Amino acid sequence: MKLWVNGALHDAGDALVSVLDHGLTVGDGIFETIKAERGETFALTLHLERLTRSARGLGLPDPDLDEVRRACAAVLEANPMELGRLRVTYTGGLSPLGSERGATGPSLIVALGATGRRPDSTAVITVPWTRNERGALTGLKTTSYAENVVALARAAERGATEALFANTVGQLCEGTGSNVFVVVDGRILTPPVASGCLAGITRALAVEWTGAEETDLPLEILDSADEIFLTSTLRDVQAVHRVDDRDLAGAPGPVTAKAMRIFEDRAAQDRDPRLG
């Protein structure tokens, strides 16, 4: 396995960053996960646009997107695989042991890991912790991911693959690494970005391609929704067949199944789609 670290490809055993990198010491970094099938990325431009938005939100210099593209291409060429998770990480770089940044500039790391196709449906749980819709990192895809690690571990203990959060005012928000949609009386609904959820790339494409509506939703909608599904880079559109102790028989339901077909067809037609 070869990884890109700060300007060049390295063997995995030699792909090193400093133990004083700000991404390690204080979680000062951002990242993107991009699906790659047989060396071809999906929605790379949208992911790189969000990488820049996250960098600006965190106060990091804009990443050199030409370099990021070169790094992604080099890693994909060096590590051929059927289906992969391409990870771009961009951090505050070598810095003092504190919250202030150093002057050496950011670190850029690109890695690739093999993955498998997700099942058509999955189980999820809700957790008692909340997303802060007014926090400094809200809407940014940062490496400060520890609360997601804790919530996802809780989900795994209960036989689920995802944990869903409410925000601080009790509205449905998002999963640890996914966005959530519900179907009510045939309408596809999803929380707005103002709820505190990440502006997911797959979420945005699913909204545009299926006609889903963005609206505030109480967490309790999960108790009564006719269908529920998740979206993310590696899930695409995935039905939910259980939420906590509630079973949703026959998942994926008809609306979700249609959304899955639409997404698969549109993604196959355009590997680097735009919005709008």
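A quick note: this is a predicted structure, and the numbers were derived from the prediction, not measured.

Enquirer: Which residues make up the side chain of Asn-148, and what values do they have?
Expert: Counting through the fold element by element, Asn-148 comes out in helix α4 (residues 146-157). Side chain to side chain, Asn-148 and Arg-131 meet in a polar contact 2.7 Å long. Beyond its immediate sequence surroundings of up to four residues, Asn-148 is in contact with Arg-131, Phe-165 and Thr-176.

Enquirer: Which residues make up the pattern of salt bridges, and what values do they have?
Expert: A full pass over the atoms with the stated rule returns 14 salt bridges. Put simply, Glu-82 and Arg-38 hold a salt bridge, and the shortest N to O gap is 2.7 Å. On the criterion of sequence distance, the pair formed by Glu-82 in the loop between α3 (65-78) and β5 (83-91) and Arg-38 in the loop between β3 (29-37) and β4 (40-41) is long-range, its members being 44 residues apart. We classify Arg-38 as exposed; its relative accessible area is 59%.

Enquirer: Give a detailed account of the layout of surface pockets, specifying residues and quantitative values.
Expert: There is about 1,100 Å³ of room inside the largest pocket. Lining the largest pocket are 50 residues, and of these Lys-141, Tyr-145, Thr-176, Gly-177 and Ser-178 lie nearest its centre. For the lining of the largest pocket, the secondary-structure elements that each account for two or more residues are β3, α2 (44-58), β5, β7 (121-131), α4, β9 (172-175), α5 (201-210) and β13 (227-232). Partitioning the lining of the largest pocket into residue classes produces 11 nonpolar, 27 polar and 12 charged. Estimated volume of the second largest pocket: approximately 460 Å³. If you trace the second largest pocket, you find 20 residues lining it, with Lys-35, Glu-37, Arg-117, Asp-236 and Glu-264 closest to the centre. Breaking the lining of the second largest pocket down by element, the ones donating at least two residues are β3, β14 (236-243) and α6 (254-269). A class-by-class count of the residues in the lining of the second largest pocket yields seven nonpolar, two polar and 11 charged.

Enquirer: For α5, give the residues involved together with the corresponding values.
Expert: Counting buried positions along α5 yields eight of 10 residues, so the element is predominantly enclosed. Remark: Gly-211 follows α5 within two positions and exhibits a positive phi of approximately 75°.

Enquirer: Break down empty space enclosed by the protein for me, with residues and values.
Expert: In this structure the tally under the stated criterion is one cavity of 30 Å³ or more. Together, Lys-35, Phe-42, Ala-43, His-47, Ile-201, Thr-202, Thr-233 and Asp-236 line the largest cavity. Residues belonging to the lining of the largest cavity are distributed by class as follows: three nonpolar, three polar and two charged.

Definitions and limits used
- Residues numbered from 1 in each chain as written.
- Predicted model: local features only at pLDDT ≥ 70, side-chain atom pairs only at ≥ 80, totals over all residues.
- Heavy atoms only, no water.
- Helix = DSSP H or I, 4+ residues; strand = E, 2+ residues; numbered from the N terminus.
- Polar contact = N/O pair within 3.5 Å; in protein donor to acceptor, adjacent residues only side chain to side chain.
- Contact = heavy atoms within 4.5 Å.
- Salt bridge = Lys/Arg side-chain N within 4 Å of Asp/Glu carboxyl O.
- Buried < 20%, exposed > 50% of the residue type's maximum accessible area, 1.4 Å probe, protein only.
- 1 Å grid on protein atoms, 1.4 Å probe; cavity = no way out; pocket = protein on both sides within 12 Å on 5 of 7 lines; lining within 4 Å.
- Points joined across faces, edges and corners; volume = space filled by probe spheres on them.
- Nonpolar A, V, L, I, M, F, W, Y, C, P; charged D, E, K, R; others polar.

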